[in-house]
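Fold and contact review
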Amino acid sequence: MKITTRLSLAAAVAGLVLPLSGHALEFTGYLRSGIGESTSSGKQACFQLPGAQSKYRLGNECEQYAELDLRHDLFTFGDGSVLSIEGMAALYNEYNYSPKFTGDHGWARMNQLYAEWSKVPALYNGSLWAGRRFYKRNDIHISDFYYWNQSATGAGIEDMEIGGLKYSYAFSRKDSVFQEEYVNRHDFNVGGFDSNPGGELEFGVSYIDDPDRADSNSGWSTTVQHKQDNFLGLGGGNTFAVQYGRGPGTGLGYTGDVTLDRNNKSWRVVEYFDWQVTPRFGGQVQAVYQKDTRENGTDQDWLSVGIRPTYAFTNQFKLVTELGHDQVDADGGTRKLTKFTIAPTWSPAGPGFWERPEVRVYYTYAEWNAAAQRAANLIAAGSALSDTGTFGDARHGSNFGVQVEYWWK
């Protein structure tokens, strides 16, 4: 009886799978893993300035992280449109803890799980989607800063091509699996404006509904972004963006604090570009400035500038360095953090800046001022910059280690 039941189940599964065997199955992913220590004979502690929304990541990542993504085209219709499903599992675990991917030092999540009907003629070759997905993410690689990220649990219509422009609308209730409370959010984008040879403009507006909770408010934000190919003839691209938001829109790309009203505002300027001047010399540089005005007086200004140049001595050996500086003007004085990393790197895929995998041996040095340490003591006790962290009451420290980074498509 058990054998018969198992055979019947196997036949049913095969019946579901075999008709789909002619359709595309895509496996993509990302992996970051390694081991590191501090020169103070303690565990590696990463350097991030309190009040800064990102940190410079080379030799300054203290976790194992992986994303495993499967996308499958279920059916192609007669009009050329395609029905697909996609799912992504993500695993995170801090250094120096057993890789349980659960509890306070690790987690396992389904970052994406959605269905998409793409290339729909009735939607002007746009897509109709629903579920949890990464959606219109814009980030700076060297600091892993997602300054404009509309990822969501919701539904939407994406990239309808009308009059040479691409229109998108998304309704969502959660930015990510980490957002605890549901908030209705509407994102509208239009892109494809040919501003100049090789240049393109995109505009976006987000509106956040008042969730009708105690002291909650509605809010909004807007973003204007310009992308330029082959910037200054350096073989890379340039991105310039300006963002502004009020109330919960002060999240500038995310859903912000719903207790903030329209008298609270934030604006941000983002500039970064990549270069690959020769096959062996590439890199990325960034500058970010953000000003937050708060009714309760907790205003702050954040400035971040950094650069990561890479030079390949051979087709498979690079020297990668990174220099980054963050500064936050807030109550208690101006906080400052400067971090430098040098990383001899094996790059079996080639000498370019974006080639992966990379296996790096790194040394990182950072120094910070007294205001940064005081803020860390209040906001992030036990962190690298606090006097209860790995480096004690010193205002400098260094780490060393080995890391592999790999993404595949």
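Residues numbered from 1 in each chain as written. Predicted model: local features only at pLDDT ≥ 70, side-chain atom pairs only at ≥ 80, totals over all residues. Heavy atoms only, no water.

Let me state the cut-off plainly: UniProt positions are given in the numbering used here, feature names are shortened, and annotations may be inferred rather than shown by experiment.
Under the annotation held in an unreviewed UniProt entry, the chain carries the name Carbohydrate porin and is attributed to Stutzerimonas azotifigens. As its UniProt record puts it under Sequence similarities (unreviewed entry), the chain is described as follows: "Belongs to the porin LamB (TC 1.B.3) family." The Subcellular location (unreviewed entry) comment attached to the chain in UniProt states, word for word, "Cell outer membrane".

**Focus on the layout of surface pockets**
Heads up, the condition is: Here the term cavity refers to a set of points on a 1 Å grid, laid over the protein atoms alone, in which a 1.4 Å probe fits but cannot get out; the term pocket refers to an open set having protein on both sides within 12 Å along at least five of seven lines, with lining residues being those that place an atom within 4 Å of a point. Grid points are joined across faces, edges and corners, and a volume is the space filled by probe spheres set on the points. Secondary structure counts use DSSP, requiring at least four H or I residues in a row for a helix and at least two E residues in a row for a strand, with both numbered from the N terminus.
Considered as a void within the structure, the second largest pocket measures approximately 290 Å³ in volume. In terms of lining residues, the second largest pocket is bounded by 17 residues, among which K136, G191, E200, E202 and Q225 are the most central. Elements that contribute at least two residues to the lining of the second largest pocket include exactly strand 6 (137–140), strand 9 (165–174), strand 10 (185–196), strand 11 (199–208) and strand 12 (219–228). Among the elements that make up the lining of the second largest pocket, the one with the highest residue count is strand 10 (4 residues).

**Details of the pairing of strand 2 (residues 63–76)**
Counted only if it meets this: A pair of strands counts as paired when DSSP detects no fewer than two bridges linking them.
For strand 1 (residues 25–38) and strand 2, the ladder comprises 8 bridges, and the chain directions are antiparallel. Paired with G29 across the bridge in strand 2 is L68. Here strand 2 folds back onto strand 3 (residues 82–94) in antiparallel fashion, the turn holding 5 residues, of which G80 has a positive phi close to 90°.

**Overview of the nonpolar core**
Keep this limit in mind: Residues enter a nonpolar core if they are buried and are Ala, Val, Leu, Ile, Met, Phe, Trp, Tyr or Cys, with the set joined through side-chain atoms within 4.5 Å. Note on exposure labels: buried denotes an accessible area under 20% of the residue type's maximum, exposed denotes more than 50%, and partly exposed covers the range between, all computed with a 1.4 Å probe on protein chains only. Contacts are assigned to residue pairs with any non-hydrogen atoms lying within 4.5 Å of each other.
Formed by 26 residues in total, the largest nonpolar core has its most connected members in F47, I140, Y147, W368 and L385. For this core, the secondary structure elements donating two or more residues are strand 7 (145–149), strand 14 (265–278), strand 17 (317–330), strand 19 (358–368) and helix 2 (370–379). Broken down by element, the residue count for this core peaks at 3 residues, all from strand 7. Beyond its immediate chain neighbours, meaning those up to four positions away, L385 contacts F47, Q48, L49, P50, L337, W368, A372, Q373 and A376. If you look at the next biggest cluster of nonpolar residues, it comprises 7 residues, including C46, Y95, A343 and Y362.

**Structural notes on the state of the cysteines**
Rules: Throughout, disulfides are identified as pairs of cysteine sulfur atoms within 2.5 Å of each other.
Evaluated as defined, the whole model comprises 1 disulfide. Put simply, C46 and C62 are joined by a disulfide, and their sulfur atoms are 2.1 Å apart. Its S-S torsion of about 110° marks the bond between C46 and C62 as right-handed, since a negative value means left-handed. Of the two residues, C46 sits in the loop between strand 1 and strand 2 while C62 sits in the loop between strand 1 and strand 2, which places them 16 residues apart along the sequence. Judged by relative accessible area, which is 13%, C62 ranks as buried.

**A few points about the confidence of the model for the chain**
Should the pLDDT be low somewhere, the predicted coordinates at that spot are not to be read in detail. What counts here: Per-residue confidence from the prediction method is given by pLDDT, with values spanning 0 to 100.
Of the residues in the chain, 94% reach a pLDDT of 70 or more, and the chain-wide mean stands at 92. Confidence drops under a pLDDT of 50 for residues 1–22, and excluding neighbours within four residues, the segment shows 3 contacts in the predicted structure.

**So, empty space enclosed by the protein**
The line we're drawing: Gly is put with the polar residues, along with every residue not named as nonpolar or charged; the nonpolar set is Ala, Val, Leu, Ile, Met, Phe, Trp, Tyr, Cys and Pro, and the charged set is Asp, Glu, Lys and Arg.
Overall, the coordinates contain 2 cavities of 30 Å³ or more when judged by the stated rule. Roughly 60 Å³ of internal volume is contained in the largest cavity. For the lining of the largest cavity, the secondary structure elements donating two or more residues are strand 17 and strand 18 (333–346). The biggest single contributor to the lining of the largest cavity is strand 17, with 3 residues. Looking at side-chain class alone, the lining of the largest cavity contains 4 nonpolar, 5 polar and 3 charged residues. Volume-wise, the second largest cavity comes out at about 30 Å³. Taken together, W148, G204, V205, S206, S221, T223, Q243, L252 and G253 make up the full set of residues lining the second largest cavity.

**Structural notes on helix 2**
Within helix 2, the full set of buried residues consists of A371, A372, Q373, A375 and A376. Buried residues along helix 2 sit against strand 18 and strand 19.

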